[in-house]
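# Topology and contacts: notes
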Amino acid sequence: MHKFDVIIIGAGSAGLSALREVRKRTDNFVLINDGPWGTTCARVGCMPSKLLIEAANAFHRRFNFGEFGIMGADQLELDGKKVLQRLRRLRDDFVTSTLKITNDLGERAISGRARILSPDQVMVNGEKLSAHKIIIATGSRPVVPKNWLNLGKRLLTTDTLFELDTLPKSIAVIGMGPVGLEMIQALSRLGVHVTGFGFRSSVGGISDPFINQTAVKLLSEEFPLYLGSKASVAINPDNNVLTVRAENIEIEVDSVLAALGRQPNIDDIGLDTLDVPLDEKGLPSVNPITLQIADLPVFLAGDANQRLPLLHEAADDGHIAGLNTTSEELIYFKRRVPLAIVFADPNIAVVGQSFHSLEHENIQIGEVSFSNQGRARSAQSNRGALRVYAAANDGRLLGAEMCAPAGEHFAHLLALAIDQSLSVWDLLRIPFYHPVLEEGLRTALRNLASKLPACSKSDLAACDSFNSEALD
Ligand SMILES: Cc1cc2nc3c(=O)[nH]c(=O)nc-3n(C[C@H](O)[C@H](O)[C@H](O)COP(=O)(O)OP(=O)(O)OC[C@H]3O[C@@H](n4cnc5c(N)ncnc54)[C@H](O)[C@@H]3O)c2cc1C
Ligand SMILES: NC(=O)c1ccc[n+]([C@@H]2O[C@H](COP(=O)([O-])OP(=O)(O)OC[C@H]3O[C@@H](n4cnc5c(N)ncnc54)[C@H](O)[C@@H]3O)[C@@H](O)[C@H]2O)c1
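Residues numbered from 1 in each chain as written. Chains lettered and ligands numbered in written order. Predicted model: local features only at pLDDT ≥ 70, side-chain atom pairs only at ≥ 80, totals over all residues. Heavy atoms only, no water.

## Quick notes on the overall build of the protein
Inclusion rule: A run of H or I in DSSP counts as a helix once it spans at least four residues, and a run of E counts as a strand once it spans at least two, with each numbered from the N terminus. Here the term buried applies to any residue with accessible area under 20% of the maximum for its type, exposed to any over 50%, and partly exposed to those in between, with areas from a 1.4 Å probe on protein chains only. By definition, residues are in contact when any of their heavy atoms lie within 4.5 Å. Computed with the Shrake-Rupley method and a 1.4 Å probe, the accessible areas treat only the protein chains shown as cover for residues. We score Asp and Glu as negative and Lys and Arg as positive, and we do not count His or the chain ends. Here the site of a charge means atom NZ of a Lys, CZ of an Arg, CG of an Asp or CD of a Glu.
Helix and strand counts for the protein come out as 13 helices and 22 strands. Summarising its shape, the C-alpha atoms of the protein cover approximately 80 × 75 × 40 Å along the three principal directions. Relative to its 472 residues, the protein shows a buried fraction of 50%. Counting only contacts in the protein whose residues sit at least 6 apart along the sequence, the fraction spanning at least 24 positions is 66%. With the model as given, the accessible surface of the protein reaches about 23400 Å², and the carbon-plus-sulfur share is 51%. Seen as two clouds, the 47 positive and the 55 negative side-chain charges of the protein have centres 4 Å apart.

## A closer look at the UniProt feature "binding site: FAD" (unreviewed entry) in the protein
Definition in use: UniProt positions are given in the numbering used here, feature names are shortened, and annotations may be inferred rather than shown by experiment. We place a 1 Å grid over just the protein atoms. Points where a 1.4 Å probe fits but has no way out form a cavity, open points with protein on both sides within 12 Å along at least 5 of 7 lines form a pocket, and any residue with an atom within 4 Å of a point lines it.
Taken from the UniProt record, the annotation "binding site: FAD" (unreviewed entry) applies to K50, T138, G139, S140 and D303. An extended arrangement is adopted by the annotated residues: their sequence extent is 254 residues, and the largest C-alpha distance between any two is 23.0 Å. In the annotated set above, the residues contributing to the lining of the second largest pocket are K50. Among the secondary structure elements, K50 is positioned in helix α3 (residues 46–60). If near-sequence neighbours (up to four positions away) are discounted, K50 is found in contact with E182 and F343. If you trace the backbone, G139 turns up in the loop between β6 (127–136) and β7 (140–142).

## Notes on the pairing of strand β9 (residues 170–174)
This is how the line gets drawn: Here, any two strands with at least 2 DSSP bridges between them count as paired. Seen with the strands pointing away from the viewer, any crossover whose path from the first strand over the helix to the second strand runs clockwise is right-handed.
Across the 5 residues of β9, 5 count as buried, placing the element largely inside the fold. Alternating positions in β9 separate into two faces, S170, A172 and I174 on one and I171 and V173 on the other, with burial throughout. Bridge count between β9 and strand β10 (residues 193–198): 5 bridges; the pairing is parallel. Its bridge partner being in β10, S170 is matched across the sheet by H193. At this point the chain moves from β9, through helix α6 (residues 178–189), to the parallel β10, and the crossover so formed is right-handed. Alignment of β9 against strand β15 (residues 255–258), held across 4 bridges, turns out to be parallel. Across the sheet, I174 pairs through a bridge with A258, a residue of β15.

## Brief notes about the site of ligand 2
Our working rule: We call a residue near a molecule or strand as soon as one heavy atom of that residue lies within 4 Å of the molecule or strand. Two N or O atoms count as a polar contact when they lie within 3.5 Å, although within protein this holds only if one can serve as hydrogen donor and the other as acceptor, and sequence-adjacent residues are included solely when both atoms are side-chain atoms. Lys, Arg, Asp and Glu make up the charged group, whereas Ala, Val, Leu, Ile, Met, Phe, Trp, Tyr, Cys and Pro make up the nonpolar group; the residues left over, Gly among them, are polar.
By nearness alone, 21 residues border ligand 2, and E182, F199, A231, P309 and I341 come closest of all. Backbone polar atom of P178 to an oxygen atom of ligand 2: 3.2 Å apart, as the coordinates give it. Between ligand 2 and I341, the relevant distance is 2.6 Å, taken from a nitrogen atom to a main-chain nitrogen or oxygen of the residue. Taking 850 Å² as the accessible area of ligand 2 by itself, protein coverage stands at 80%. Elements that contribute at least two residues to the shell around ligand 2 include exactly α6 and β18 (339–342). Among the elements that take part in the shell around ligand 2, α6 stands out by supplying 3 residues, more than any other. Residue classes in the shell around ligand 2 are distributed as 12 nonpolar, 4 polar and 5 charged.

## Brief notes about the site of ligand 1
What surrounds ligand 1 is a group of 34 residues, the closest being N33, D34, T40, K50 and D303. Between ligand 1 and L311 there is a distance of 2.8 Å, counted from an oxygen atom to a backbone nitrogen or oxygen. Taking 1000 Å² as the accessible area of ligand 1 by itself, protein coverage stands at 91%. When residues of the shell around ligand 1 are traced back to their parent elements, those giving at least two are α1 (13–25), β2 (29–33), α2 (40–44), α3 and α8 (311–324).

## Thoughts on the pattern of salt bridges
Threshold: By convention in these notes, a salt bridge is any Lys or Arg side-chain nitrogen within 4 Å of a carboxyl oxygen on Asp or Glu.
Tallying each qualifying case throughout the model produces 28 salt bridges. A salt bridge links D267 to R141; the shortest N-O distance between them is 2.6 Å. With D267 in the loop between β16 (262–264) and β17 (298–300) and R141 in strand β7, the pair connects residues that are 126 residues apart, well separated along the chain. Where R335 meets D317, a salt bridge forms, and the shortest distance between an N and an O atom there is 2.7 Å. With a gap of 18 residues between them, R335 in the loop between α8 and β18 and D317 in helix α8 connect regions that are remote in the sequence. We note that R335, like D317, is buried. Residues joined in a network through salt bridges with shared partners are R189, E222, D345 and R383.

## Remarks on helix α13 (residues 438–449)
Which entries qualify depends on this criterion: Expected helix span is taken as 1.5 Å per residue step, with the number of steps being one fewer than the number of residues.
Given a rise of 1.5 Å per residue, 12 residues ought to cover 16 Å, and the 16 Å separating the end C-alpha atoms of α13 matches this to within 8%. Those residues of α13 lying buried are E439, G440, L441, R442, A444, L445, L448 and A449. Those residues of α13 that are buried lie in contact with β20 (363–369), β21 (385–391), β22 (397–404), α11 (407–419) and α12 (424–428).

## Digging into the packing of aromatic side chains
The cut-off we apply is this: We call Phe, Tyr and Trp rings a pair once their centres come within 6.5 Å, taking the six-membered ring for Trp, and we label the pair stacked below 30 degrees between planes, edge-to-face above 60, and tilted otherwise. Criterion for a charge above a ring: Lys NZ or Arg CZ within 6 Å of the ring centre, and within 35 degrees of the ring normal.
This structure, assessed with the given rule, holds 3 aromatic pairs. The positively charged end of R62 is found above the aromatic ring belonging to F63, 4.3 Å away from the centroid.

## A few points about the sheet that holds strand β13 (residues 242–246)
Spelled out, the test is: Here an angle of 0 to 180 degrees is reported between the N-to-C directions of two axes, which are lines fitted to C-alpha atoms, with helices fitted over the stretch in contact.
The 3 strands are arranged β12-β13-β14 in an open sheet whose pairing can be described as antiparallel. The open sheet has two edge strands, β12 (232–235) and β14 (249–253), and neither has a second partner. Shown here is a sheet whose adjacent strand axes are inclined to one another by a mean of 25°, direction ignored. Here β12 runs beside β13; their pairing, made up of 4 bridges, is antiparallel. Within the sheet, the bridge partner assigned to I235 lies in β13 and is L242.

## A look at the nonpolar core
Nonpolar side chains tend toward joint burial in soluble globular proteins. Selection criterion: Only buried residues count toward a nonpolar core. Its members are Ala, Val, Leu, Ile, Met, Phe, Trp, Tyr and Cys residues joined through side-chain atoms within 4.5 Å.
The biggest cluster of nonpolar side chains holds 46 residues, and the ones touching the most others in it are I7, I135 and I293. At the level of secondary structure, the elements contributing two or more residues to this core comprise β1 (3–9), α1, β2, β4 (114–118), β5 (121–124), β6, β17 and α8. Residues in contact with I293, not counting those within four places in the same chain, are L271, L274, V276, P284, S285, V286, V298 and L300. Core analysis: the second largest hydrophobic core is formed by 39 residues, A55, V83, I184 and L190 among them.

What follows is the structure, encoded as structure tokens:
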């Protein structure tokens, strides 16, 4: 029987990133994908969601036009059909780009549902394939409780939302994680009558209570948000009225968007045949710096391992698994600084160590409110706050959480600082142009510096060559 060097199961972002590394080193591989090719990110995830958000934010800007002296904004109309048509047109372009990656694979690309039979055997389309190494990169899918399925087409997930012909009149968005939050604000800004329900009191993955309070307050100004209790749905078969209930509230809606989380596609992949312990979700323990399952020639990458279900982490996972299935020796990789951004307005971001993970550490916190920040005021975007955390003993930057205008950019700057083990004073030494939103970040850093043992009276480094010969 022919034995492949590597079998990759799943052609999402993790699988394709693995493929990139594997095909550099061997032609003796096969890539198996079930369902549509083109990746979750491009088809039904990152990209279509951001396309909806861009349309929504463009339309929402009209509320500021009067303040800028631009009149007539109340005459503007939104064509929901066209919004969704543009979304699908661009989405299809993104999907086409990802399809190009596998176009030339020929028989090495197999459509079908794979199942592992043993650490070196995979079954697909009734055929047994054998391999030295296997990468499982089967992604995740939306959680949908079985008893919600009777809602039929009125139950939406992000797998179906972007296929609508036109926008619904009213919708309950259930679950206020990143998916729920991004979609509820976008739909609201596109004129859909929305109501949000969240089981937790926190939204969008924020763990800092002050940042969460800021985010919840700002979002609640835009739409009703019921947090802290589990929502349930029911449809009356006599009159087809769809009701959503939480603790103290009951509403009738056209549709429900289930944003209850995502579950890994591992249920029938055959992990039980690997003879390793599985947790209550059916997941084996995976080494995060090699992606290996126990000491088996099997690697679990991307959303399927549920470590950090984000695109860049899935791509890194695939890269690591791809290298480790084609290298003589196992390579151990340092993972990147954690970074999560929710594209709400203002942006929500958690970078480095979260407030929750530092709660019992000896830290100091610097903060800024953007309500009075000069550049934000001039753009009418002066909403939100940012908190940055540093080690109390040496001022080393550890993490930050924010709900802030252009937060996506602050988060990247702070990720760089944390990756480089910079201190508050190191970061204060970079030039801050005027007038920019980054001056808000500088306020938070100065606030933090003021709480640390004094290091210097100035942001500027002292020039120790003052008495040098050259100057003389
Ligand atoms: C609405 C939404 C918005 C998002 N926005 C962002 C964002 O802005 N930024 C960000 O970083 N992340 C975002 N994400 C998360 C990001 O999309 C995922 O982390 C990423 O796409 C996961 O890639 P993956 O390769 O693990 O899985 P996938 O891309 O899902 O690939 C898995 C593939 O495996 C196939 N498969 C499953 N089972 C089998 C089997 N048994 N045999 C063969 N094939 C199988 C699947 O059909 C699929 O094609 C978003 C997700 C969603 C849903
Ligand atoms: N911008 C981004 O990077 C981005 C955007 C979207 C998704 N994602 C990724 O996708 C993953 C999944 O996101 P998600 O938002 O679907 O999941 P999530 O698990 O982060 O959030 C789901 C929320 O739904 C709540 N919930 C569950 N059942 C409920 C009920 N009956 N009533 C009320 N609330 C209920 C849960 O308590 C949870 O807070 C995220 O972890 C993230 O990594 C990232």
